[in-house]
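If you want the building blocks of each chain, they are given just below.
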Amino acid sequence: MSPARTPVIRIADLPGLVGSTVTLSGWVTHTRSSGKVAFVVMRDGTGTLQCVIVKTQVSAEAWEAFQALTLESSFTVTGEVKADARQVGGVELGVTGLAIIGPSALDYPIQPKEHGVDFLLDNRHFWLRSPRQVAIMRIRNEIEQAIHDFFYERGFLRVDTPILTAAIGERSGLFATEYFDEGNAYLAQTGQLYGEAAAAAFGKIYTFGPTFRAEKSKTRRHLTEFWMIEPEVAFNDTHANMDLQEDFVSFLVQRVVERRPAELKELGRDVETLKKVKTPFPRIDYTDAVATLQRKGSAVTWGEDLGAEDEALLVEDYETPIFICNYPKEAKAFYMKENPDDPRTVLCDDMLAPEGYGEIIGGSQREDDHDKLLHRIHEEGLPVEAYSWYLDLRKYGTFVHAGFGLGLERTVAWICGTPHIRECIAFPRMMHRLRP
RNA sequence: GGCCGCGUAGCUCAGCUGGUAGAGCAGGUGACUGUUAAUCACCGGGUCACAGGUUCGAGUCCUGUCGCGGUCGCCA
């Protein structure tokens, strides 16, 4: 036998409850007092609510409880829901009772004023409570859900690939840790190679997980721990791969535009700009891109990877993301398939987001020829033993296949219009930031 | 790692060609019956990152150290 329970009411529920008396719990974001009338702004994660307390209409205990409320104290309040056009949700609460749950010490670090980003990140556990951060996290959540919906509806299988791996993947920095008698284990930089094995088992797969890069990158586009989504599709070539990428990214953007207008407004994001993100996205051959860049005054020469400045120059003429395809072999990873039309290049693409947000996707058709792949592994000086199972995929029923990796935080940053990627994950990990 | 910049009150910052520490916000006390980062009055609050140097005198100039940020490279 369990006792009768009343459902918990949240601030977001209140517009439908005008005229009724409700009890809510939450935290203080702000208090104001004019002597005998006082105002407390409560937040509960679903919204904010102004609670109006008139001294002559509440008990002495409730009035004293109000007096003792400090910023971020948790409290329970009872009152009548009243329509009030001046309020954000269109309602306020005429308080009849108020009790403190947990008082908040007077030195709560985040005040209703401007703070520096570094200070805010030191207090990330509190910063997350602010309306802007709540909006970013809700949009991130919307994007994550949309990713799962997109692939589920298309018959993809989600595969969770290992985070602890033997050295495999790309050449960039690895985080190492001792692993029993097996020597070092490394935190995964990509699930792709496992994704390729899974694609041969299930046809269409995607991974969704954390990845780790130990480079000492100090830019607004880098984290040491970030979340990556890596689809891999059997029998897709590089063209089908780009079709999937543009369908995917435009789906994510339109989903946020449709379902999260309030959050975009909170962030001051221009929705019209996002609405322009429709397929097809321009596909620019690397060789043509270099020519364009040289015409624009860049010093790049054929064979070099494109720098951040070059990418910005290319993107400035477009309102959608663009693809840069078929880079020189030397600039790209060993597993990318040689371009049969120009063996100096590989069948790959980078998707560059507009407005200077940079690369959000890197993709390629994979090398499916056993001997060519083995040759590339030798060329890169990689340990062949570590890749034996990966080579086996080409030995036992090799298959044309392609895939890509989407950086979640970069995508969230672009869609939200945030200046820095570090606001786009709850607890960012960077070179100089391991806590909170 | 290269280059550029920053470090002054709990927070955001000002502090000129060197002259002995400031504002706003936050906090405390009081006033106010409709405020939206309310307003008004009063109050407390500092090893000017650290260590040297120049100088009669250094927050300010010089050197070094530490910490941090931006940018580039690496990539998503």
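Just so it is clear, the structure is predicted and the values come from calculations on it, not from any experiment.

## A word on the protein's contact with RNA strand B
Surrounding RNA strand B, one finds 49 residues, the nearest of these being His30, Arg213, Arg220, His222 and Arg410. A breakdown of the atoms of RNA strand B within 4 Å of the protein gives sugar and phosphate a share of 52%. With respect to RNA strand B, the side chain of Gln50 contributes an N or O atom lying 2.6 Å from a base oxygen. Separating a base nitrogen of RNA strand B from a side-chain N or O atom of Asp84 is a distance of 3.5 Å. Those elements that provide at least two residues to the surface near RNA strand B are β1 (21-33), β2 (37-43), α2 (117-122), β11 (225-234) and β15 (358-365). The leading source of residues in the surface near RNA strand B is β15, at 4 residues. Across the surface near RNA strand B, the residue classes break down as 12 nonpolar, 18 polar and 19 charged.

## Here's the deal with the pairing of strand β14 (residues 348-353)
Regular strands place their side chains on alternate faces of the sheet. The buried count for β14 comes to 6 of 6 residues, which makes it a mostly enclosed element. Here β14 shows no split at all, with Cys348, Asp350 and Leu352 on one side and Asp349, Met351 and Ala353 on the other all buried. Here strand β13 (residues 322-325) runs beside β14; their pairing, made up of 4 bridges, is antiparallel. Considered in β14, the bridge of Ile322 is made with Leu352. Where β14 and β15 come together, 6 bridges link them in antiparallel fashion. Paired with Leu352 across the strands is Glu359, a residue of β15. Here β14 folds back onto β15, and the loop between the two strands holds 4 residues, one of which, Glu355, carries a positive phi near 60 degrees.

## Points about the environment of Gln365
Looking at the element boundaries, Gln365 is found in strand β15. Note: C-alpha distance between Gln365 and Arg429 (64 residues apart in sequence) is 31 Å. For Gln365, the residues in contact, after removing those within four places along its chain, are Asn236, Asp237, Thr238, Tyr335, Met336, Lys337, Leu347, Val400, His401 and Ala402.

## Side note on the packing of helix α11 (residues 370-379) against helix α12 (residues 388-395)
Contact pair α11 / α12: the axes reach a minimum separation of 9 Å and the direction vectors enclose 155 degrees. Considering the angle they form, α11 stands roughly antiparallel to α12. Here His370, Leu373, Leu374 and Ile377 of α11 lie close against α12, whose contacting residues are Tyr390, Leu391, Arg394 and Lys395. Class assignment for the residues of the contact of α11 with α12 results in 5 nonpolar, 1 polar and 2 charged.

## Side note on unusual backbone geometry
Put simply, Thr279 and Pro280 share a cis peptide bond, and its omega is -5 degrees. Residue placement: Pro280 occurs in the loop between α8 (271-275) and β12 (283-285). In this model, Phe180 sits at a positive phi of 45 degrees, which is unusual for a non-glycine residue. With respect to the element layout, Phe180 can be found in the loop between β8 (176-178) and β9 (184-187).

## What about helix α10 (residues 308-315)?
A turn of α-helix holds 3.6 residues, and therefore any two residues three or four places apart point the same way. Every buried residue of α10 is listed here: Asp310, Glu311, Leu314 and Val315. Taken down its axis, α10 places every buried residue within 130 degrees of arc, on the same side. Elements in contact with the buried residues of α10: α9 (286-295), β13, β14 and β15.

## Remarks on the domain arrangement of chain A
Partitioning chain A into structural domains gives domain 1 (11-102) and domain 2 (124-424). Relative placement of domain 1 and domain 2: their C-alpha centres are 46 Å apart.

The rules behind these values
- Residues numbered from 1 in each chain as written.
- Chains lettered and ligands numbered in written order.
- Predicted model: local features only at pLDDT ≥ 70, side-chain atom pairs only at ≥ 80, totals over all residues.
- Heavy atoms only, no water.
- Near = heavy atom within 4 Å.
- Polar contact = N/O pair within 3.5 Å; in protein donor to acceptor, adjacent residues only side chain to side chain.
- Helix = DSSP H or I, 4+ residues; strand = E, 2+ residues; numbered from the N terminus.
- Nonpolar A, V, L, I, M, F, W, Y, C, P; charged D, E, K, R; others polar.
- Buried < 20%, exposed > 50% of the residue type's maximum accessible area, 1.4 Å probe, protein only.
- Pairing = 2+ DSSP bridges.
- Contact = heavy atoms within 4.5 Å.
- Axes fitted to C-alpha atoms, helices over the stretch in contact; angles between N-to-C directions.
- Parallel < 35°, antiparallel > 145°, perpendicular 65-115°, else oblique.
- Arc of directions from axis to C-beta.
- Domains from an automatic or database assignment.

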